[in-house]
Amino acid sequence: GGAELSLSAMRFGRGVFDSAWFIEHRVEAAAADASVIAESMLLDLLLLAECDMLVGTLSSQMSRLALSLMAIRRGSMPPFDSVDGLPWGCCTWAGESLNTSDPAAFNRI
């Protein structure tokens, strides 16, 4: 037979994310509950880590962390596609580019 498909989901009102404000700004302004945001983020990350491949934005720390957790679980780098065109290892955790034409970039890590 073929590969078995399994789906995972969580019941969570995603309405908390419907805003033009960045999440961190809404939490700082007490317009969003930090514990609800953190719980949702961790659940999303755990679900993503169980995937067999990733299509995401590697400029996002969440996507890079999920891809790292997937690689650890598999013991090798999983298939992935970066929709923002950035390669794996493109950025530091602070979001700076690791452009090798800028030797000082490595000193800022």
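Structure's up top.
To keep things clear, this report deals only with the structure shown in the data block. (Residues numbered from 1 in each chain as written. Predicted model: local features only at pLDDT ≥ 70, side-chain atom pairs only at ≥ 80, totals over all residues. Heavy atoms only, no water.)

With that settled, consider the overall build of the chain. Within the chain, the secondary structure is distributed over three helices and two strands. For the chain, the α and β elements follow one another from N to C terminus as α-α-β-α-β. Going through the 109 residues of the chain one by one, you find that 20% of them count as buried. By element, 58% of the accessible surface of the chain is carried by carbon and sulfur atoms, the whole surface being about 7700 Å². (Helix = DSSP H or I, 4+ residues; strand = E, 2+ residues; numbered from the N terminus. Buried < 20%, exposed > 50% of the residue type's maximum accessible area, 1.4 Å probe, protein only. Areas by Shrake-Rupley, 256 points an atom, 1.4 Å probe, with all protein chains shown as cover.)

Time to look at a nonpolar patch on the surface. A surface patch of nonpolar side chains, about 310 Å² in accessible area, is lined by Met53, Val55 and Val83. Take Val55: it is sitting in strand β1 (residues 54-56). (Patch = residues over 30% accessible without salt bridge, like charges linked within 9 Å, V, L, I, M, F, W, Y side chains within 5 Å. Salt bridge = Lys/Arg side-chain N within 4 Å of Asp/Glu carboxyl O.)

The end-to-end C-alpha separation of helix α2 (residues 34-49) is 22 Å, in line with the 22 Å expected for 16 residues at 1.5 Å each. All of the buried residues in α2 are Ile37, Ser40, Leu45 and Ala49. In an axial view of α2, the angular spread of the buried residues amounts to 165°, which keeps them on one side of the axis. Exposed residues lying more than 90 degrees from the buried face of α2 are Glu39 and Leu46. Tucked inside the fold, the buried residues of α2 contact α1 (23-28) and α3 (61-74). (Expected span 1.5 Å × (residues − 1). Arc of directions from axis to C-beta. Contact = heavy atoms within 4.5 Å.)

A separate point is the side chain of Arg64. Turning to its location among the elements, Arg64 is positioned in helix α3. A distance of 3.4 Å separates a polar atom in the side chain of Arg64 from the backbone oxygen of Ser59. (Polar contact = N/O pair within 3.5 Å; in protein donor to acceptor, adjacent residues only side chain to side chain.)

Moving on, we get to the pattern of salt bridges. Counted by the stated rule, this structure contains one salt bridge. Across the salt bridge formed by Arg73 and Asp52, the nearest N and O atoms sit 3.9 Å from each other. With a gap of 21 residues between them, Arg73 in helix α3 and Asp52 in the loop between α2 and β1 connect regions that are remote in the sequence. Here Arg73 falls in the partly exposed class, since its relative accessible area comes to 38%.

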